[in-house]
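The lines below spell out each chain.
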Amino acid sequence: MFVAIYVFSRITTLGDTFDYLNSPLQFSPAIFYSSTAFMQFSGAVFKLVFRLDVLACLPFMLLSFYGIYYAVDKLNLYRYAVYIIILFSLPNFGIWTSILGKEAVGCFFSAVIAVMLIRKLNGRYRLKVIDYTALYLCAVFKPQYLLFILQALLFLSITYHFENKKTFPLVLGIVMIAINIVVLYLVRDLINQLATGMAIHFKNNDPNLAQSTRSEAPWLEQYGFFHSAAYGMFIAFFGPTFSEMLRKPAHFISGIESMVMIAFFLWLLWPRLKYNLSYFRFNPIVFISYFIVFTGILFVHYPFGFLNPGSAIRYRSNFYALFVLMLMYQLVKSHKIRFTKKEIVNTYY
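Residues numbered from 1 in each chain as written. Predicted model: local features only at pLDDT ≥ 70, side-chain atom pairs only at ≥ 80, totals over all residues. Heavy atoms only, no water.

Enquirer: Describe the overall build of the protein chain, and please don't skip the residues or the numbers.
Expert: A count of helical and extended segments in the protein chain gives 21 helices and zero strands. For the protein chain, the proportion of its 349 residues judged to be buried stands at 49%. Restricting the contact set of the protein chain to residue pairs at least 6 apart, pairs at least 24 apart contribute 73%. As presented, the protein chain carries roughly 17500 Å² of accessible surface, and 68% of it is formed by carbon and sulfur atoms. (Helix = DSSP H or I, 4+ residues; strand = E, 2+ residues; numbered from the N terminus. Buried < 20%, exposed > 50% of the residue type's maximum accessible area, 1.4 Å probe, protein only. Contact = heavy atoms within 4.5 Å. Areas by Shrake-Rupley, 256 points an atom, 1.4 Å probe, with all protein chains shown as cover.)

Here it is in structure tokens:
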């Protein structure tokens, strides 16, 4: 928090934090359904109470911290404290989730939603007040994420009631994925139009608007948004390219951070993947639910991070905790499977 306010803000723009802190104190019903209005009202209130910018950020820093603590406690991840500390102490994630900004709220609700999804994977689970709160915040701050999170919750709720844990979940998952593809095909012209508009917006000469450091050419082609989707989803998550890392020190640090992050992700998945390959195990419930959440969120994040590496790094903080915790739980399950004979026989959640 102190580094973000007193150091990082001198290197680059600290998002909209200072705008929120200097907003006039004005109550409006919009704070309940507009993320920007909510942040402006919160910034004005906390600045009035705490006076100093850095102290006014404290409640949001504590909110994001509580989200991570809640997940670690409810999923009993204390044994993996070293990995948790490393993954949640990466510089950019720490900066964006420790200040008064939307990413701090995103960290909170994504951590709570991760617990919700994992508990649904484990069997019957009735949502609690904190779960509904997280879903509400997700709907206000990142409604595009909620579309796929709700699909995963629906998928898990339906498959729980069927005895056939292999065929039916696989068929249902394929149907749900197919429906998403059909919907995208039907609205392809609208998405193509929006992508073109966004590319022009990023290239606008107005200094007050976001400026892209990359070429918008791929999106200006007919259906270029879809043609570039695979690479775009990766680079929008990773952040800077290798050439950008060599040109700017801040991008170099962000690139190294992304490399460390992806290496940890692969390491977290490897024990479970190795077991599944060794014993020819395939759990369609786990695969489909993870596929819907990860692919869906990466796809809707793609347009916000493709044209600007800084935006990519910042906005991924909203779902980073969700990805880390869901992957972390695969490591937990692989350890349980290794040491518990009962789970070796039955590997389903």
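Enquirer: How would you summarise the packing of helix α10 (residues 143-160) against helix α18 (residues 284-305) if you had to cite specific residues and measurements?
Expert: Close contact between α10 and α18 brings their axes to 8 Å; oriented N to C, the two are set at 170 degrees. Comparing their axes, α18 and α10 come out roughly antiparallel. On α18, the residues touching Q144, Y145, F148, Q151, A152, F155, L156 and T159 of α10 are P284, I285, I288, S289, I292, V293, G296, I297, V300 and F304. Classifying every residue of the contact of α10 with α18 by side-chain character gives 13 nonpolar, five polar and no charged. (Axes fitted to C-alpha atoms, helices over the stretch in contact; angles between N-to-C directions. Parallel < 35°, antiparallel > 145°, perpendicular 65-115°, else oblique. Nonpolar A, V, L, I, M, F, W, Y, C, P; charged D, E, K, R; others polar.)

Enquirer: Before we move on, could you go through the pattern of salt bridges and cite the residues and values that matter?
Expert: Inspection of every chain in the model, using the stated rule, returns four salt bridges. A salt bridge links D53 to K47; its shortest N-O distance comes to 3.0 Å. Since its relative accessible area comes to 22%, D53 is described here as partly exposed. On the accessibility criterion, K47 (21% relative accessible area) is partly exposed. A single network of salt bridges, built from pairs that share partners, joins D16, E103 and R314. (Salt bridge = Lys/Arg side-chain N within 4 Å of Asp/Glu carboxyl O.)

Enquirer: Describe in detail empty space enclosed by the protein, supporting the description with residues and values.
Expert: Enumeration according to the criterion identifies one cavity of 30 Å³ or more in this entry. Roughly 40 Å³ of internal volume is contained in the largest cavity. L90, N92, F93, E257, M261, I313, R316, S317 and Y320 are the residues that line the largest cavity. A breakdown of the residues in the lining of the largest cavity according to their chemical character gives five nonpolar, two polar and two charged. (1 Å grid on protein atoms, 1.4 Å probe; cavity = no way out; pocket = protein on both sides within 12 Å on 5 of 7 lines; lining within 4 Å. Points joined across faces, edges and corners; volume = space filled by probe spheres on them.)

Enquirer: Any details on the packing of aromatic side chains? Residues and values, ideally.
Expert: Tallied over the full model, the rule gives 33 aromatic pairs. Taking 5.6 Å as the distance between ring centres and 45 degrees as the angle between the ring planes, the aromatic pair formed by F88 and F93 counts as tilted. Residue classification places F88 among the buried residues on the basis of a relative accessible area of 11%. An angle of 75 degrees between the planes, with centres 5.5 Å apart, marks the rings of Y302 and F306 as edge-to-face. Clustering of aromatic rings is evident, with ring pairs tying together F88, F93, Y145, F237, F265, Y290, F294, F319, Y320 and F323. In this structure, R188 is placed above the aromatic ring of Y185, and the distance from its NZ or CZ to the ring centre is 4.0 Å. (Phe/Tyr/Trp six-rings, centres within 6.5 Å; stacked < 30°, edge-to-face > 60°. Lys NZ or Arg CZ within 6 Å of the ring centre and 35° of its normal.)

Enquirer: I'd love a proper account of helix α11 (residues 167-186), names of residues and values included.
Expert: Taking 1.5 Å per residue, 20 residues should reach 28 Å; α11 reaches 29 Å between its end C-alpha atoms and fits that length. Within the span of α11, buried status applies to P169, L172, G173 and M176. Relative to the axis of α11, the buried residues are bounded by an arc of 100 degrees and lie together on one face. Among the exposed residues of α11, those pointing more than 90 degrees away from its buried face are I174, I181, Y185 and L186. (Expected span 1.5 Å × (residues − 1). Arc of directions from axis to C-beta.)

Enquirer: Describe the nonpolar core, listing the residues and the values that go with them.
Expert: The biggest cluster of nonpolar side chains holds 98 residues, and the ones touching the most others in it are F109 and I113. Among the elements that line this core, the one with the most residues is helix α8 (residues 102-121), at 14 residues. Dropping the residues within four chain positions of it, F109 is found in contact with A134, L137, C138, F141, K142, Y145 and N318. (Core = buried A, V, L, I, M, F, W, Y, C linked by side-chain atoms within 4.5 Å.)

Enquirer: Which residues make up the packing of helix α5 (residues 58-74) against α8, and what are the values?
Expert: As a packed pair, α5 and α8 sit with axes 7 Å apart at the nearest point and diverge in direction by 15 degrees. On the basis of the axis angle, α5 is roughly parallel to α8. Pair α5 / α8 crosses with left-handed handedness. Note on element contacts: α8 touches α5 through A104, V105, C107, F108, A111, V112, V115 and R119, opposite F60, L63, S64, Y66, G67, I68, Y70, A71 and K74. Split by residue class, the contact of α5 with α8 holds 13 nonpolar, two polar and two charged. (Left-handed = near helix turned anticlockwise from the far one by under 90°.)

Enquirer: If you had to explain a nonpolar patch on the surface to someone new, which residues and values would you point to?
Expert: Among the surface-exposed residues, V171, V175, I179, V182, V183, Y185, L186, V187, L190 and L194 lie close enough to one another that they form a single nonpolar patch of about 920 Å² accessible area. Elements that contribute at least two residues to the nonpolar patch include exactly α11 and α12 (188-202). Looking at the nonpolar patch, the element that brings in the most residues is α11, giving seven residues. Note on placement: V182 falls in helix α11. The exposure class of V182 is partly exposed, given its relative accessible area of 47%. (Patch = residues over 30% accessible without salt bridge, like charges linked within 9 Å, V, L, I, M, F, W, Y side chains within 5 Å.)

Enquirer: Requested: an account of unusual backbone geometry, with residues and values cited.
Expert: A positive phi angle, close to 55 degrees, is found at N76, a residue other than glycine. Its place among the elements puts N76 in the loop between α5 and α6 (81-87). For N76, a relative accessible area of 54% gives the class exposed. Backbone geometry places Y223, a non-glycine residue, at a positive phi of 60 degrees. Of the residues examined, Y223 reaches a relative accessible area of 22% and is grouped as partly exposed.

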